[in-house]
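Secondary and tertiary structure notes
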Amino acid sequence: MNGWQRGLTEAGVGDPRLRAEYTRQARGLAWYVPAHYAALRLLLTPATAVHVVAAMSFMHTCDELLDRDDRAPAELRAARFAEYETRVRRALESPRAPSGGLAPLWHTARTHPRLAGCVEDFLRAAPTDLYFAGFEQESDFAAYVDGYTLPGLLLIAAVLAAPEEPPERLRESVRLLAVPVQRIDFLTDLAEDLRAGRVCLPRADLRATEVRPDDLRQGRGTAQVRALLARTAAKCWADLAAAKRAVAGFPPLYVPMVAAQLDVYAHLLQLAEVRGPRLLRAGVRPRIPAAAAILLRHRGRTRTEAPPDSSSLSRAVTAASAGRDRRRG
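Residues numbered from 1 in each chain as written. Predicted model: local features only at pLDDT ≥ 70, side-chain atom pairs only at ≥ 80, totals over all residues. Heavy atoms only, no water.

1. Details of the overall build of the protein
A tally of regular secondary structure across the protein gives 16 helices and zero strands. Within the span of the protein, comprising 329 residues, buried residues form 56% of the whole. Long-range pairs, those at least 24 residues apart, make up 71% of the contacts in the protein between residues at least 6 apart in sequence. Summed over its atoms, the accessible surface of the protein is roughly 15,100 Å², and 53% of this surface lies on carbon and sulfur atoms. (Helix = DSSP H or I, 4+ residues; strand = E, 2+ residues; numbered from the N terminus. Buried < 20%, exposed > 50% of the residue type's maximum accessible area, 1.4 Å probe, protein only. Contact = heavy atoms within 4.5 Å. Areas by Shrake-Rupley, 256 points an atom, 1.4 Å probe, with all protein chains shown as cover.)

2. Quick notes on the packing of helix α3 (residues 34–43) against helix α14 (residues 255–275)
Interhelical geometry of α3 versus α14 gives an angle of 150° and a closest axis separation of 10 Å. Read as a crossing pair, α3 and α14 show a hand that is right-handed. Contacts from H36, A39, L40 and L43 of α3 reach α14 at P256, M257, A260, Q261 and Y265. Tallied by class, the residues present in the contact of α3 with α14 amount to seven nonpolar, two polar and no charged. (Axes fitted to C-alpha atoms, helices over the stretch in contact; angles between N-to-C directions. Left-handed = near helix turned anticlockwise from the far one by under 90°. Nonpolar A, V, L, I, M, F, W, Y, C, P; charged D, E, K, R; others polar.)

3. Some thoughts on empty space enclosed by the protein
Tallied over the entire structure, the rule returns four cavities of 30 Å³ or more. As for the largest cavity, its lining consists of 23 residues, of which H36, L153, I156, M257 and Q261 are closest to the centre. For the lining of the largest cavity, the elements supplying multiple residues, two or more each, are α2 (16–32), α4 (46–67), α8 (138–160), α9 (167–188) and α14. Residues of the lining of the largest cavity, tallied by class, amount to 17 nonpolar, five polar and one charged. (1 Å grid on protein atoms, 1.4 Å probe; cavity = no way out; pocket = protein on both sides within 12 Å on 5 of 7 lines; lining within 4 Å. Points joined across faces, edges and corners; volume = space filled by probe spheres on them.)

4. With respect to the side chain of S57
With respect to the secondary-structure elements, S57 resides in helix α4. Assessed through its relative accessible area of 7%, S57 is described here as buried. S57 has contacts with Q25 and L29, leaving out every residue within four places of it along the chain.

5. Overview of α3
With nine of ten residues buried, α3 lies mostly within the body of the structure. Within α3, the full set of buried residues consists of P34, H36, Y37, A38, A39, L40, R41, L42 and L43.

6. Some details on the confidence of the model for the protein
The pLDDT averaged across the protein works out to 86; a share of 90% of its residues lies at or above 70. Contacts for the low-pLDDT stretch residues 303–329, under 50 throughout, to residues beyond four places or in other chains number 58 contacts. (pLDDT = per-residue confidence, 0-100.)

7. Things to note about the packing of aromatic side chains
Enumeration over the complete set of coordinates arrives at twelve aromatic pairs. Their ring planes at 65° and their centres at 5.8 Å tell us that F58 and F122 sit as a pair that is edge-to-face. Placement of F58 in helix α4 and of F122 in helix α7 (residues 114–125) is noted, with a sequence separation of 64 residues between them. Overall, the relative accessible area of 3% leaves F122 in the buried class. Relative to F141, the ring of F135 has its centre 5.8 Å away and its plane inclined at 90°; by these criteria the two rings are edge-to-face. (Phe/Tyr/Trp six-rings, centres within 6.5 Å; stacked < 30°, edge-to-face > 60°.)

8. A word on the pattern of salt bridges
What the rule picks out here adds up to 24 salt bridges. R198 serves as the salt-bridge partner of D193, at 3.8 Å between the closest nitrogen and oxygen. Taken as a pair, D193 and R198 share a single burial class, namely buried. With a closest N to O distance of 3.1 Å, D263 and R297 form a salt bridge. With D263 in helix α14 and R297 in helix α15 (residues 288–299), the pair connects residues that are 34 residues apart, well separated along the chain. When its relative accessible area of 41% is taken as the criterion, R297 is described as partly exposed. When salt bridges with common partners are traced through the structure, they connect E138, R183, D205, R231, K235 and D239 into a single cluster. (Salt bridge = Lys/Arg side-chain N within 4 Å of Asp/Glu carboxyl O.)

9. Focus: the packing of α4 against α7
In the contact formed by α4 and α7, the axes pass within 11 Å of each other and the chain directions differ by 15°. Considering the angle they form, α4 stands roughly parallel to α7. Between α4 and α7 lies a crossing of right-handed hand. Residues F58, M59 and C62 of α4 touch α7, and the partners they reach there are V119, F122 and L123. (Parallel < 35°, antiparallel > 145°, perpendicular 65-115°, else oblique.)

10. A short note on unusual backbone geometry
Its identity is not glycine, yet E210 carries a phi of approximately 60°, on the positive side. E210 gets classed as exposed once you look at its relative accessible area, which sits at 62%.

Here is the structure:
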């Protein structure tokens, strides 16, 4: 029995149809966010990886619903998402497992009761990005993290955290992670956001460095633009340093997973600093040898009994090398 099949059994997933649905969602994540998928398979116990797949796949489904037909009016996409919200709530409230894509979420929420409340918070938060109009000041960025990024990461934290962990302490720990994750994503995705007509850096920072939005849209590598990017990178490094404290908020078994994610984001930030103004034309993704080294280093600190099957990880790393890691935040 390979690592994934063993994980399904240890996670209490006995029904063949439910096992098949978990497996389908795992394959989807291996395509959609291969670097994250490789990390969870390497650094989590098989059973925990199964439950994290359910949480991450739910997040991905929500993203897809909101991003589909991105030229359609926000109100139309919000209405479509509201229909899905109703289906999710009915499924989680049902005493019997639903069929189809919500079955893994239902089963994982029964195993990790904290998850149901986090799903509700995420459903309320997910449409926020439809109405995003940029940030005026740092406080606006902080509000975006609290209102949009944090509820998503709490879905995964609900699976990883110890049941006795106080909710407020868990939220505080995860917020320390959410700030650098979101800020670094905004920096590395700057070109993509500019093409979509969004400037995801506080306008106060643009004014402080005398950069106009058109300077960014036109890809101008001026001294002022360099100063803006350096200012943003300095904030990212400070956020990463603060996030090191968040590791203490998770059970020791899951510390390697959290620490590895922070190291991968530090690697991304280093690449962004090297790229400089070229970030206005194209983003950066993790370099596979460096990311693999980070994961393997932290793998040596886990307490899992056996590594996952190599074929799944090989596919994930191959996908990552093709640059298909799309998940924001």
